[in-house]
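Observations on chain architecture
Listed here are the chains, written in short residue letters.
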Amino acid sequence: MSKVLGEFDVAIVGGGPGGSTLASLLRRQGRSVCIVERDPFPRFRIGESLLPFSMDTFQRIGVLEKIRAAGYQVKHGARFVVDETLEEECFWFRNGLDKDHPFAFQVQRAPFDKLLLDHATELGAKVYQPLAALNLTVHEDGAELDTPEGRIRAQVVADVSGRWTFMSGRQNQRKIHPSHRKVTVFGHFREVTRCEQDPGNIIIARFGDTKMGWFWLIPFADGTTSVGVVADSEYFRASGKTPAEFFGESVRNSRSIGPRMIKAERIGELRTEADFSYTSERHVGDRLIKVGDAGAFIDPVFSSGVFLSVKAAEMAAEAIAGAFDTGDFSEKSFLGYEERVRVGTKVFWAFIDAFYNKDFLKQMVTSRRRPLLQKSITSLLAGDIYNERNMLIAYLTGKDGAYADAELQSLMG
Ligand SMILES: Cc1cc2nc3c(=O)[nH]c(=O)nc-3n(C[C@H](O)[C@H](O)[C@H](O)COP(=O)(O)OP(=O)(O)OC[C@H]3O[C@@H](n4cnc5c(N)ncnc54)[C@H](O)[C@@H]3O)c2cc1C
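Let us look at the structure shown here. What you see is a predicted model; the values in this text were computed from it and never measured.

Once that is clear, we can look at the overall build of the chain. Along the chain, the regular secondary structure elements total 13 helices and 19 strands. Each principal axis of the C-alpha atoms in the chain carries an extent, and together these give about 65 × 45 × 45 Å. Within the chain, the fraction of its 413 residues that count as buried is 59%. Relative to all contacts within the chain whose residues are 6 or more apart in sequence, the contacts with residues 24 or more apart total 74%. Carbon and sulfur atoms make up 50% of the accessible area of the chain, which totals about 16600 Å².

The next thing to look at is the pattern of salt bridges. The full count for this structure, using the stated rule, is 29 salt bridges. For E196, the salt bridge is made with R79, and the minimal N-O distance between the two is 2.9 Å. In this pair, E196 sits in the loop between β12 (182-190) and β13 (202-206) while R79 sits in strand β4 (residues 77-82), placing the two residues 117 residues apart along the sequence. With a relative accessible area of 52%, E196 lands in the exposed category. With its nearest N and O atoms 3.2 Å apart, the salt bridge here joins R340 to E318. Here the residue R340 occupies a position in helix α9 (residues 335-357), and E318 occupies one in helix α8 (residues 305-326), the gap between them amounting to 22 residues. Through salt bridges with shared partners, a single ionic network connects E7, E144, R151 and R153.

Moving on to the packing of helix α1 (residues 17-28) against helix α4 (residues 109-122). Relative orientation and spacing of two packed helices are given, respectively, by the angle between their axes and the distance between those axes. With their axes 8 Å apart at the nearest point, α1 and α4 run at an angle of 20° to one another. Between α1 and α4, the interaxial angle falls into the category roughly parallel. The two elements α1 and α4 meet at a crossing, and its hand is left-handed. Taking contact as the criterion, the partners of P17, S20, A23 and S24 in α1 are, on α4, R109, D113, L116, L117, H119 and A120. Of the residues that constitute the contact of α1 with α4, the class distribution is 5 nonpolar, 3 polar and 2 charged.

As a further point, take the sheet that holds strand β14 (residues 214-219). An order of β5-β4-β13-β14-β15-β12-β16 is seen for the 7 strands of this open sheet, with the pairing classed as mixed. Two strands close off the open sheet at either side, each with one partner strand: β5 (88-92) and β16 (265-274). Along the sheet, successive strands turn relative to each other by an average axial angle of 15°, direction set aside. Taken together, the 5 bridges between β4 and β5 define a ladder with antiparallel strand orientation. Its bridge partner lying in β5, F80 is registered against E89. Lying on the sheet, helix α11 (residues 371-382) is in contact with β4 and β5; it crosses β5 at an angle near 65°.

What counts as what
- Residues numbered from 1 in each chain as written.
- Predicted model: local features only at pLDDT ≥ 70, side-chain atom pairs only at ≥ 80, totals over all residues.
- Heavy atoms only, no water.
- Helix = DSSP H or I, 4+ residues; strand = E, 2+ residues; numbered from the N terminus.
- Buried < 20%, exposed > 50% of the residue type's maximum accessible area, 1.4 Å probe, protein only.
- Contact = heavy atoms within 4.5 Å.
- Areas by Shrake-Rupley, 256 points an atom, 1.4 Å probe, with all protein chains shown as cover.
- Salt bridge = Lys/Arg side-chain N within 4 Å of Asp/Glu carboxyl O.
- Axes fitted to C-alpha atoms, helices over the stretch in contact; angles between N-to-C directions.
- Parallel < 35°, antiparallel > 145°, perpendicular 65-115°, else oblique.
- Left-handed = near helix turned anticlockwise from the far one by under 90°.
- Nonpolar A, V, L, I, M, F, W, Y, C, P; charged D, E, K, R; others polar.
- Pairing = 2+ DSSP bridges.

Right, dumping it as structure tokens:
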């Protein structure tokens, strides 16, 4: 029998933004909590542009002032460009349906994730790091998490392990979106020309040919910028190029990003990721709840990942509180959580589908003529995805991907 490292109300696998947020919320409920994080921090992670609607969550756990004090780049808007025509529009968060969420931050994740994890530690979470969770066993009266150094006992285990999908992987529940297989190549650079309207804005530039995909340009407070290209996996493979060649050629071919990168000087390595859009059959089980990327991740074009993860952490904290109140830790008791998480993913997925497959980008960059459409898009970009006043959400999710411009016109002027 391996030794018992500790016994907690809740054990969390993963110390990224979702895991740290959940731990902080549970500590505020008075629960005993541990986080098991495999990597020593600080460590690199992609996912650098945050959404305004995650600021509420950071405020709620008491870390917003620390984020502000750390001096991260403030982001007031998102600029979208059609690369071939240079048609573009900047969406300012202050102009959304909700006026109270005018900004977010753009962050290098290495120090940012450490700041959140340190905050959870300060609130009383026990952090085991570096330590990997190897296996989960669920019994009638509790759960046990195996690690190389011993077992951790808990009433509930939250899997917040990110794209490593600790439990969905073991349960064979991870399903890659077959029609959405993408590759990305990205890096950090000095001397990139930033958004002229506001140097803190993110820029997303899309090539009309969706197989070629799109670029992100995310500025940081220290003057460096994250730049990445996303393309269809098939298109990338067929090019026969190395990631570095593919990145270089994409920059040279881009009318909007090329000129911004003329003096660019790379810091560190170019990195790649592939097949990052997937879901899980289930987001819950007996004594188990999956949060953030551990359950699903959708395409990064609208910077929704950290937002969806910390929002799910809030919903998970509520579901776990309910389970402790009733003493019912069954899968059934967590089904409401799963449903709410799926609603959020569905909204962003519908938005992403419109962006990739249809003429929606054209509508975005000409939306100035249609103020209601522009406001509605701005709200979605800010993360205001549960807003029932937003008719665009009802339209995109109700149509199940069948975006039709004429219908949108009649709905939104
Ligand atoms: C190309 C690309 C661009 C992106 N851009 C953005 C963006 O601009 N904005 C945005 O919000 N999101 C973006 N994302 C998404 C973002 O990276 C994730 O959604 C976000 O990091 C999810 O947070 P999380 O806490 O759920 O998981 P993570 O941040 O992945 O944290 C999971 C943690 O779990 C740990 N872990 C894994 N397995 C184990 C184990 N067995 N035992 C112990 N620990 C373990 C890992 O070490 C990691 O620290 C992007 C993603 C991609 C692929």
